[in-house]
There are 2 protein chains.
Amino acid sequence: MKAEIIAVGTELLLGQIVNTNAQYLSRELAGMGIDVYYQTVVGDNLGRLKEALRLSSQRADIVILSGGLGPTQDDLTKDAVAEYIGTELHYDRMAMDKLERFFQDRGTPMTENNKRQALAIGGGTPLSNETGLAVGNAVSHEGTHFILLPGPPKELKPMFENEAKPWLLQHVLTDEVPIYSKMLKFAGIGESALDDRLSDLITAQIDPTIALYAKDGEVTVRISTKASSETKAMEKLDQLQAVIQSMVPEHMYADRDVPIEQVIVDMMADRSWTVSAAESCTGGLVMETLTSIPGSASMLLGGVVCYTNEIKQKLVHVPNSLLEGSEAPGAVSAEVAQVLCEQIRMVADSDFGLSVTGVAGPGYAERKPVGLVYVGIAERGKSTEVHELNIKGNRETIRIRATKALLYRLWRRLSDAESD
Amino acid sequence: MKAEIIAVGTELLLGQIVNTNAQYLSRELAGMGIDVYYQTVVGDNLGRLKEALRLSSQRADIVILSGGLGPTQDDLTKDAVAEYIGTELHYDRMAMDKLERFFQDRGTPMTENNKRQALAIGGGTPLSNETGLAVGNAVSHEGTHFILLPGPPKELKPMFENEAKPWLLQHVLTDEVPIYSKMLKFAGIGESALDDRLSDLITAQIDPTIALYAKDGEVTVRISTKASSETKAMEKLDQLQAVIQSMVPEHMYADRDVPIEQVIVDMMADRSWTVSAAESCTGGLVMETLTSIPGSASMLLGGVVCYTNEIKQKLVHVPNSLLEGSEAPGAVSAEVAQVLCEQIRMVADSDFGLSVTGVAGPGYAERKPVGLVYVGIAERGKSTEVHELNIKGNRETIRIRATKALLYRLWRRLSDAESD
């Protein structure tokens, strides 16, 4: 089964945005065992859009379009597909109801052009939009299956996952042996180091297949297999997962596609554990990362961003003798990392206390090199741990890696505490 | 002049990487006044690559290819272009010298396949690679100009800027009038509202042209014009900028492509102003956003993330009478926003104090609706301002919008203070 992806939008051709949808869709289709031979980007132009449809339907069984479903006259994807396959557009009642409710709730009248978002292609299946107003569509014509998705990634992803994928499985991939995948997530180890550790497995892979991807200090390993039933597939995948886990026992934090902060928030919520943090060079990124997870409010009590020595002393009670003077270890030191996490834990009266202090650059601080970072974890009634990091990269990389390294250490600490 | 971009690489079709090269090249070409009508991604397959060349040369004057210049048998771009235009490949002497030096320096023998990186297209111009080993190429055939660039962005960007762009200006764009642009940045106003305010200008636009795009609570307006010299262009662009600024005086924070936090850090550094923050629902995002700017360490003294009422009382001295009891306004209130920013300013002894308190969801808090947020700004010796926001969207949107709204208010406050 061959597929093509067509992203529609002049903003892509002007380089105003990156086509992350093509990556997401390509990865999802690969996971379903569908080969993608071409990705195309075309502007908001009816003629060129229809030409792209003509070409892609000669080359592919499945054509996935993203973008151009919005309310303005520039949004032409539905018009182009309807014209290309020779059918009419009509208003989808459910999408129209949703639009009307939306404008009623806001107390503003709906302008005429907004109705375009409820247009559906004759003979097709509307795909509902959980997180937006523009309805999607799935329609088959002369052996080619067209899927129309909205452009904003936060609308496209749930629509693909919950509407388009089931439609493809039910209507198009009926004779295919389905492919099943599992995502294994790793932290505290780089992509090439993990590749090294798993190299025997990766070289020998036939079934299941193994693919690695890295992003923002986390590595994802996707293992996939074709099987006649989910039970059979999961048996093979679970076996391989167990082998992988035994080869890299201390780094695999999840067997689903979640960030490590999600696993931490879940673990802490289960045990009603609480946490606080004192951050210097990360400037709030550790707390901000935990806060991004819904439900974190009950476990993250709060904390302090303490750039200056004055704030470190005033709010986290770091003794001046550690910070200033020729004999003092200075703000960027294991000693200060230890005091910061212990003190913030006491101030907040939380079960765990976290700290980060380091040099994010540009420029040295305290004659210490850029990338030198200390992270600390204090625990009620237990000993404190402090780790020294030496991170290569620019300011942004250093701040992200330091945050992820601390979260990785916290995850390990929580795992140990859970097994106590 | 019409151009197309062809990215070559199976890793793109598998969704393993995002095609950021297409964005970079599209933006650069737009800046040179060249229209991009299509972007295509094709795998490491000779037949499909030649088919993509055939299609693009029918449609475009300039075809820019990225990727497939490396040493392996999968790297086929040069082979495909040479076959398509009917010429031979030969080794470029300079590229070969560089390769030999590289392997000599490392003390390892050069394997045969590495020589492929020095291959050049007969009749074309080799483009040297400052940051890598694979030589690029520029070659014209039957009115179409092909530019071959390496895939890694850190090699592609300098080669485009220093080799391909001059080649295009000298050989292809000789008769074109160059295009000049300016980016105007707006905050505190949505894309559609700004579009409304500028609608007369946008409708009447001929020269300069006006384009709007929005991202993360900021709107960018790009104004562009063709002119025989930069001086003439800037005269026209500055005039239009002044008109736009007079139409929306309170929202334009920069006439270059920078985020508002950059402008804030610059303004504060100029005046040696300092700031601190007390954040509830944003969980550190305000401080984290400011921290992302190099040089912010000298103005952001620090602050507090205060999710719980205990932390609000303990670290920021919010009176319990405001937080708890049937008569209390509660943590999410204008009163608490005011106390938070005034107290954190005093605790940190900074010139400005910021606060955010609100309901980011999911789920109501204090019987207050999701999206209700209060932001406050205190200033040494001046009155405090508090703004109520009602933000639609999910947890992430609410946190980002609240942060950007507070930064917008801070920018206005600093602008007023500067003119004092």
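Keep in mind that what you see is a predicted model, and the values were worked out from it rather than measured.

Focus on the overall build of chain A
So, point 1. Within chain A one finds 15 helices and 17 strands.
So, point 2. With the C-alpha coordinates of chain A rotated into their principal frame, the extents come out at 80 × 55 × 40 Å.
So, point 3. Within chain A, the proportion of its 420 residues that are buried is 55%.
So, point 4. Within the structure as shown, chain A displays about 17,600 Å² of accessible surface, and the carbon and sulfur contribution to it stands at 48%.
So, point 5. Between the mean site of the 41 positive side-chain charges and the mean site of the 57 negative ones, chain A shows a separation of 2 Å.

Some thoughts on the packing of helix α10 (residues 260-271) of chain A against helix α15 (residues 395-418) of chain A
Residues and elements named next belong to chain A.
So, point 1. As a packed pair, α10 and α15 sit with axes 10 Å apart at the nearest point and diverge in direction by 35°. For α10 against α15, the interelement crossing comes out left-handed. Taking contact as the criterion, the partners of Ile260, Glu261, Val263, Ile264, Met267, Met268 and Arg271 in α10 are, on α15, Lys404, Leu407, Tyr408, Leu410, Trp411, Leu414, Ser415, Ala417 and Glu418.
So, point 2. Residues belonging to the contact of α10 with α15 are distributed by class as follows: eleven nonpolar, one polar and four charged.

A closer look at the UniProt feature "domain: MoaB/Mog" (unreviewed entry) in chain A
So, point 1. With numbering aligned to this structure, UniProt lists the feature "domain: MoaB/Mog" (unreviewed entry) at residues 4-171 of chain A.
So, point 2. Split by type, residues 4-171 of chain A is 43% helix and 23% strand. Its first and last C-alpha atoms lie 17 Å apart.

A few points about the domain arrangement of chain A
A common way to express how large an interface is: the accessible area buried when the components associate.
All names here are of chain A.
So, point 1. Looking at chain A, the domain boundaries give domain 1 (2-171), domain 2 (179-254) and domain 3 (260-418).
So, point 2. Listed per partner, the contact involves five residues of domain 1 and four residues of domain 2.
So, point 3. Buried surface at the junction of domain 1 and domain 2, both sides included, amounts to about 410 Å², of which 52% is carbon and sulfur.
So, point 4. Area buried by domain 1 at its contact with domain 2 is led by Arg27, Gly31 and Gly33, which between them contribute 85% of it.

Overview of the interface of chain A and chain B
So, point 1. Every contact between the two is made by 59 residues of chain A and, on the other side, 59 residues of chain B.
So, point 2. The contact between chain A and chain B buries some 4,900 Å² in all, and 60% of this surface belongs to carbon and sulfur atoms.
So, point 3. The residue Arg399 of chain B makes a salt bridge to Glu288 of chain A at a minimum N-O spacing of 2.3 Å.
So, point 4. On inspection of chain A and its partner chain B, the count reaches 24 residue pairs in polar contact (both at pLDDT 80 or more).
So, point 5. Taken together, the residues of the side of chain A that touches chain B sort by class into 31 nonpolar, 18 polar and ten charged.

Focus on the side chain of Arg413 of chain B
All names here are of chain B.
So, point 1. Note that Arg413 resides in helix α15 (residues 395-419).
So, point 2. Within the local environment of Arg413, its side chain forms a polar contact with the side chain of Glu379, the two groups lying 2.8 Å apart.
So, point 3. For Arg413, the contacting residues outside a window of four places in its chain are Phe352, Ile377, Glu379, Lys382, Ser383, Thr384 and Glu385.

Quick notes on the pattern of salt bridges
All names here are of chain B.
So, point 1. According to the stated counting rule, one finds 44 salt bridges over all chains in the structure shown.
So, point 2. Close ionic contact of Arg380 with Asp349 constitutes a salt bridge, the shortest N to O distance being 3.1 Å. In this pair, Arg380 sits in the loop between β16 (372-379) and β17 (385-390) while Asp349 sits in the loop between α14 (334-348) and β15 (352-358), placing the two residues 31 residues apart along the sequence.
So, point 3. The class of Arg380 is partly exposed, set by a relative accessible area of 38%.

Considerations on the sheet that holds β15 of chain B
Sheet strands line up and pair through hydrogen bonds in the backbone, either parallel or antiparallel.
So, point 1. Taken in spatial order, the ten strands make up an open sheet running β17(A)-β16(A)-β15(A)-β13(A)-β14(A)-β14(B)-β13(B)-β15(B)-β16(B)-β17(B), and their pairing is mixed. Because the sheet does not close on itself, it has two edges, and the strands there are β17 (385-390) of chain A together with β17 of chain B. In this sheet, adjacent strand axes meet at a mean angle of 10° when their direction is disregarded.
So, point 2. Relative to β15 of chain B, strand β13 (residues 275-279) of chain B runs parallel, the two sharing five bridges. Bridged to Ala277 of chain B within β15 of chain B is Leu354 of chain B.
So, point 3. Sheet strands touched by helix α14 (residues 334-348) of chain A: β13 (275-279), β14 (300-306), β15 (352-358), β16 (372-379) and β17 of chain A. Its angle to β15 of chain A, the strand with the most contacts, is close to 145°.

Some points on unusual backbone geometry
Trans peptide bonds make up the majority, and among non-glycine residues the majority have a negative phi.
So, point 1. A cis amide bond links Asp207 of chain A with the next residue in sequence, Pro208 of chain A, at an omega value of 0°.
So, point 2. Relative to the helices and strands, Pro208 of chain A resides in the loop between α8 (199-204) and β10 (209-215).
So, point 3. Its identity as a non-glycine residue notwithstanding, Ser272 of chain A has a phi of 55°, on the positive side.
So, point 4. You will see that His317 of chain B, though not glycine, has its phi angle at about 55°, which is positive.

Section: the sheet that holds strand β9 (residues 179-187) of chain A
Residue and element names in this part refer to chain A.
So, point 1. Within the open sheet, the four strands sit side by side as β10-β11-β9-β12. Their pairing is antiparallel. The open sheet is flanked by β10 and β12 (252-254), the only strands paired with a single partner. Averaged over all adjacent pairs, the angle separating strand axes in this sheet is 35°, with direction ignored.
So, point 2. Bridge analysis of β9 against strand β11 (residues 218-226) gives nine bridges, and the strand direction is antiparallel. Each residue of the ladder has a partner; that of Ala187, found in β11, is Glu218.

Concerning the side chain of Thr282 of chain B
Residues and elements named next belong to chain B.
So, point 1. Topologically, Thr282 is positioned in the loop between β13 and α11 (285-291).
So, point 2. According to the relative accessible area criterion, Thr282 is buried, its value standing at 0%.
So, point 3. A polar atom in the side chain of Thr282 sits 2.8 Å from the side chain of Glu279.

The rules behind each value
Residues numbered from 1 in each chain as written. Chains lettered and ligands numbered in written order. Predicted model: local features only at pLDDT ≥ 70, side-chain atom pairs only at ≥ 80, totals over all residues. Heavy atoms only, no water. Helix = DSSP H or I, 4+ residues; strand = E, 2+ residues; numbered from the N terminus. Buried < 20%, exposed > 50% of the residue type's maximum accessible area, 1.4 Å probe, protein only. Areas by Shrake-Rupley, 256 points an atom, 1.4 Å probe, with all protein chains shown as cover. Lys, Arg positive; Asp, Glu negative; His and termini not counted. Charge placed at Lys NZ, Arg CZ, Asp CG, Glu CD. Axes fitted to C-alpha atoms, helices over the stretch in contact; angles between N-to-C directions. Left-handed = near helix turned anticlockwise from the far one by under 90°. Contact = heavy atoms within 4.5 Å. Nonpolar A, V, L, I, M, F, W, Y, C, P; charged D, E, K, R; others polar. UniProt positions renumbered as here; feature names shortened; annotations may be inferred. Domains from an automatic or database assignment. Buried area = accessible area lost by both parts, 1.4 Å probe. Salt bridge = Lys/Arg side-chain N within 4 Å of Asp/Glu carboxyl O. Polar contact = N/O pair within 3.5 Å; in protein donor to acceptor, adjacent residues only side chain to side chain. Pairing = 2+ DSSP bridges.

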